[in-house]
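# Summary of the model geometry
Residues per chain are reported as follows:
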Amino acid sequence: MIMATSTESSVSRFLPDPKSVAIVGCPFSGGQTKAGVDKGPIYLVEAGLPQQLADLGWQVQFDGHHQFEEISAASDPPIGKLKNPRFVSKVCQAVAQVVGGHAKKGQLPLTLGGDHSLAMGTISGTLDTYPDACLVWVDAHADINTPQTTDSGNIHGMPVSFLLGLDTSVPEFAWVKPNLKPNKLVYIGLRDIDAGEKKILRENGIKAFSMHEVDKWGIGKVVEMALDHVNPKRESPIHLSFDVDALDPSVAPSTGTPVRGGLTFREGHYICEAIYETGCLVALDIMEVNPSLADAASAVQTVAVGCSLARSALGETLL
Ligand SMILES: NC(=[NH2+])NCCC[C@H](N)C(=O)O
Ligand SMILES: [Mn+2]
Ligand SMILES: [Mn+2]
């Protein structure tokens, strides 16, 4: 436990004072096939994130990174197209328990990925604690493929479909309660959506602000419209799931599925700052930092951006 060194105070609608954050480090890469994303949380913590949050006035709990019981590839053959289905399912179920446990104690769980399949666990834990929570998903991708629509078979491209209950054909994922309603979800930053995903977004009336809308209206207006959609009175809890590939690859190069034309450094941070200002943030994910990809300087840069996004979401201001 690191004690707060500053007395900065700000109001949260849901967290008791003094505010407390529980860092859930998830060195997990089973939702996709590139090695190294499991190192993301280790680098984020080594870069000093726990102390940085303490300096912002948070009580910080970090009990070491989550240990996952490996399942050998031999005993985890694909189910349909899904790769590592049992491993991903078991890990996410454990993460749901840990995140839900922190949330129920009045702490804000900050989950450090690891790949984005983990969000199946983090958001399950949030919705179990705050059933009326909404979800702001910041990403180049919608991660809403079903086991039927996926091309890659990578489960990090599917967590949202499981949370919405769009597919119930895989018994291994039967534990995921379909507690997310389509009108409680909003996307920002999209620019690489599979054909099947476009259909799902349309058919379910899911609100999405792609980079086209960011270009058209600017990030300030986009965040306002996004919150008006999922949280019009600014009084329900918010889970923010931030995939660093939402940022332009020039800003966050070390990630597994970079897509050009992304958010600027400031646009990414603005989203975090604006959500903090609502006083409604109850859970945060920083996902898909992969320090093994791109060169060493890019890895340092991406890790630093991951830390600064987390700080902005937890109250760091420019002035
Ligand atoms: N969390 C991520 N980076 N997801 C990328 C997903 C890419 C692609 N849509 C897929 O389903 O495989
Ligand atoms: Mn992504
Ligand atoms: Mn993602």
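Just above, that's the structure.
A short tour of the structure in this document, coming up. (Residues numbered from 1 in each chain as written. Chains lettered and ligands numbered in written order. Predicted model: local features only at pLDDT ≥ 70, side-chain atom pairs only at ≥ 80, totals over all residues. Heavy atoms only, no water.)

### Here's the deal with the coordination of the manganese ion (ligand 2)
To keep things clear, this is the line we draw: Nitrogen, oxygen and sulfur within 2.8 Å of a metal are treated as its donors, or within 3.2 Å for sodium, potassium and calcium (Na, K, Ca); water is not counted, so a site can appear incomplete. A run of H or I in DSSP counts as a helix once it spans at least four residues, and a run of E counts as a strand once it spans at least two, with each numbered from the N terminus.
Within the protein, the manganese ion (ligand 2) binds to Asp139 (OD), His141 (ND1), Asp243 (OD), Asp245 (OD) and Asp245 (OD); these donor distances fall in the range 2.1 to 2.4 Å. Motif for the manganese ion (ligand 2), donor spacing along one chain: D-x1-H-x101-D-x1-D. Here the manganese ion (ligand 3) and the manganese ion (ligand 2) are spaced 3.2 Å from one another, each receiving a donor from Asp139. Taken together, the residues span a long stretch of sequence, with His141 in the loop between strand 4 (134–138) and helix 5 (159–164) and Asp245 in the loop between strand 7 (238–243) and helix 9 (265–277) at a distance of 104 residues.

### Quick word on the sheet that holds strand 2 (residues 59–61)
The test is simple: At least two DSSP bridges between two strands are needed for those strands to be called paired. Under this scheme, a helix contributes an axis fitted over its contacting stretch, all axes are lines through C-alpha atoms, and angles between N-to-C directions fall in the 0 to 180 degree range.
Strand order in the open sheet made by the 8 strands is 2-1-3-8-7-4-5-6, with parallel pairing throughout. Unpaired on one side and paired on the other, strand 2 and strand 6 (207–210) mark the two borders of the sheet. When the angles between neighbouring strand axes are averaged without regard to direction, this sheet yields 15°. Here strand 3 (residues 108–112) runs beside strand 8 (residues 281–287); their pairing, made up of 3 bridges, is parallel.

### Here's the deal with the coordination of the manganese ion (ligand 3)
For the manganese ion (ligand 3), the full set of protein donor atoms is His116 (ND1), Asp139 (OD), Asp143 (OD) and Asp243 (OD), at a range of 2.1 to 2.2 Å. Going along the chain, you hit the donors of the manganese ion (ligand 3) in the pattern H-x22-D-x3-D-x99-D.

### A look at the site of ligand 1
Condition: Put simply, a residue is near a molecule or strand once any heavy atom of it comes within 4 Å of that molecule or strand. Side-chain atoms alone can form a polar contact between residues adjacent in sequence; in general such a contact is a pair of N or O atoms within 3.5 Å, and within protein one must be able to donate a hydrogen while the other accepts it. Under the convention used here, a 1.4 Å probe and the Shrake-Rupley method define accessible areas, while residue burial counts only the protein chains that appear. Ten residue types, Ala, Val, Leu, Ile, Met, Phe, Trp, Tyr, Cys and Pro, are classed as nonpolar, four, Asp, Glu, Lys and Arg, as charged, and the remainder, Gly among them, as polar.
With respect to spatial proximity, 13 residues lie near ligand 1, and among them Asp143, Asn145, Ser152, Asp194 and Thr257 are the closest. Within the side chain of Asp243, a nitrogen or oxygen atom sits 3.3 Å from a nitrogen atom of ligand 1. Thr257 has a polar side-chain atom sitting 2.9 Å from a nitrogen atom of ligand 1. Protein chains bury 92% of the 350 Å² of accessible surface belonging to ligand 1 in isolation. Here the shell around ligand 1 is composed, by residue class, of no nonpolar, 7 polar and 6 charged.

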